[in-house]
Amino acid sequence: MTPPIRAGFIGGGFMATVHTRASRAARGRPTALASSTPERAKQAAHDLDVERHEPDAHALASARDLDVVHVCSPNHLHAEHALAALAAGTHVICEKPLATTAAQAARLVHAARAADRVAAVPFVYRYHPMARQARALVADGELGTVLTLDASYLQDWMLEASDDNWRARAEAGGPSRAFADIGSHLCDLIEFVTGQRIHRLTARTRTVFTSRGDHPVTNEDIAALIVELGDGALGTLLISQLAPGRKNSLTLELHGTRQSVRFEQERPEELWIGRPNGSQTVLRDPQTAAPDSARMSLLPAGHPLGYQDAFTAFVTDVYTAIRGHVPAGMPTFADGLRAARLTEAVLASARDNGAWIDTAPDTIDTAPDCAPDNAPDNKEDA
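Remember, it's a predicted structure, so these values are computed and weren't measured experimentally. (Residues numbered from 1 in each chain as written. Predicted model: local features only at pLDDT ≥ 70, side-chain atom pairs only at ≥ 80, totals over all residues. Heavy atoms only, no water.)

**Some thoughts on the pattern of salt bridges**
Now for step 1: In this structure the tally under the stated criterion is 22 salt bridges.
Now for step 2: As a salt-bridge pair, D181 and K96 come within 3.1 Å of each other at their nearest N and O atoms. Here the residue D181 occupies a position in helix α8 (residues 178-194), and K96 occupies one in the loop between β5 (91-94) and α5 (102-115), the gap between them amounting to 85 residues. The pair formed by D181 and K96 is uniform in burial state, with each residue classed as buried. (Salt bridge = Lys/Arg side-chain N within 4 Å of Asp/Glu carboxyl O. Helix = DSSP H or I, 4+ residues; strand = E, 2+ residues; numbered from the N terminus. Buried < 20%, exposed > 50% of the residue type's maximum accessible area, 1.4 Å probe, protein only.)

And the structure:
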């Protein structure tokens, strides 16, 4: 039998919970965990059923009995922790944003290549079967030429001034919050489904509360963008963490010359197909789905799949890559770098009163990275 992938986790919060569940479901072996303090690591390892805890992140990163390290620490520590794991010769899954600057993200891409390690970023909305089905419809020409897109990612977990989190501190969360945290997911899905890069954008941002708790806030609550894709399609994007009633509402709607398609993350079993002479809702069914969509369908039709299932499918792909075969569509550090560059373009445009910023990719964005390549529950770990 193939031995299980031995996994280490840096962080003990919400995302570490998601990662450990996915690792176990992907037939990994949750082996070690480190957190902000040895005491927190001990408690988190117990709660998440991880075999042992380590005193700190660097002790975990240098452990010799791990195949992969899942970096789930606060944003400003991602680069440091991922570099430490790569230096130890370990494969890495690093939460997004990959780094708080594009320069740091580029350094991580180069480090992963130099180490010849699998290096992945969990842009997991790619792993909903119906997102893959939408991608297949575009690739097969079923939509015709994509003319426009309407996309949004809305949450409400920072709605009140009293809602506080380490992400609202620029020194920990980075210069961007709403866009880097959730807008990056939205842009990755747009580029993945359409097969086109965002070639330029104009953006406005808003920080509604300039202080939360006892500290000032400089990163944004809301971002609004107009984007132009490489084939000329125009799109509007709205990203907000202050949308009452919206918990995790990622929506992508594409309008082609023949028909439209709409994917909603909170209704992941469905695609809406729009036509001038009659529209319909299509339900997930691996028996009739495109091959890549069927591969993501872990259960038969009528047995709903959700976010944790998408995360499990992502981790399964990464573990498959570690064993030597890289599945199509696996998001890598290059995709994390792409997101960091888009984030900097959004901030630059907003600083310049919505100036258009070119975002065409360069060669590093499309080269492979690997070998053969919501709100957290505490203020210390993601």
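**Remarks on the pairing of strand β16 (residues 280-283)**
Now for step 1: Of the strand pairs in this sheet, strand β15 (residues 270-274) and β16 are connected by 4 bridges, and their pairing is antiparallel. Its bridge partner lying in β16, L271 is registered against V282.
Now for step 2: Counted between consecutive antiparallel strands, the loop separating β15 from β16 contains 5 residues, among which G278 sits at a positive phi close to 135°. (Pairing = 2+ DSSP bridges.)

**What about the confidence of the model for the protein?**
Low-pLDDT portions of the prediction should not be read for the details of their coordinates.
Now for step 1: Here the protein averages 94 in pLDDT, and 95% of its residues register 70 or above.
Now for step 2: Segment residues 363-382: pLDDT under 50, and 90 contacts once partners within four positions in sequence are set aside and those in other chains are kept. (pLDDT = per-residue confidence, 0-100. Contact = heavy atoms within 4.5 Å.)

**Thoughts on the environment of A25**
Now for step 1: Residue position: A25 is located in helix α1 (residues 14-25).
Now for step 2: Sequence-wise, A25 and Q308 are 283 residues apart; in three dimensions their C-alpha atoms are separated by 9.9 Å.

**What to know about the packing of aromatic side chains**
Working definition: an aromatic ring pair is given by the centre-to-centre distance plus the angle between the planes.
Now for step 1: Counted by the stated rule, this structure contains 5 aromatic pairs.
Now for step 2: Their ring planes at 65° and their centres at 5.9 Å tell us that Y307 and F311 sit as a pair that is edge-to-face. You can see Y307 and its partner F311 sitting in helix α10 (residues 307-322), 4 residues apart, about one turn around the helix. One exposure class covers both Y307 and F311, and it is buried.
Now for step 3: Across from the ring centre of W356, 4.4 Å away, lies the NZ or CZ of R200, which sits over that ring. (Phe/Tyr/Trp six-rings, centres within 6.5 Å; stacked < 30°, edge-to-face > 60°. Lys NZ or Arg CZ within 6 Å of the ring centre and 35° of its normal.)

**Some words on the packing of α5 against helix α11 (residues 333-351)**
Now for step 1: It is the contact of α5 with α11, at a shortest axis distance of 9 Å, that shows an interaxial angle of 170°. Taken together, the axes of α5 and α11 are roughly antiparallel relative to one another. Residues A102, A105, A106, L108, V109 and A112 of α5 pack against F333, A334, L337, A340, R341 and E344 of α11.
Now for step 2: For the contact of α5 with α11, a count of residues per class yields 10 nonpolar, no polar and 2 charged. (Axes fitted to C-alpha atoms, helices over the stretch in contact; angles between N-to-C directions. Parallel < 35°, antiparallel > 145°, perpendicular 65-115°, else oblique. Nonpolar A, V, L, I, M, F, W, Y, C, P; charged D, E, K, R; others polar.)

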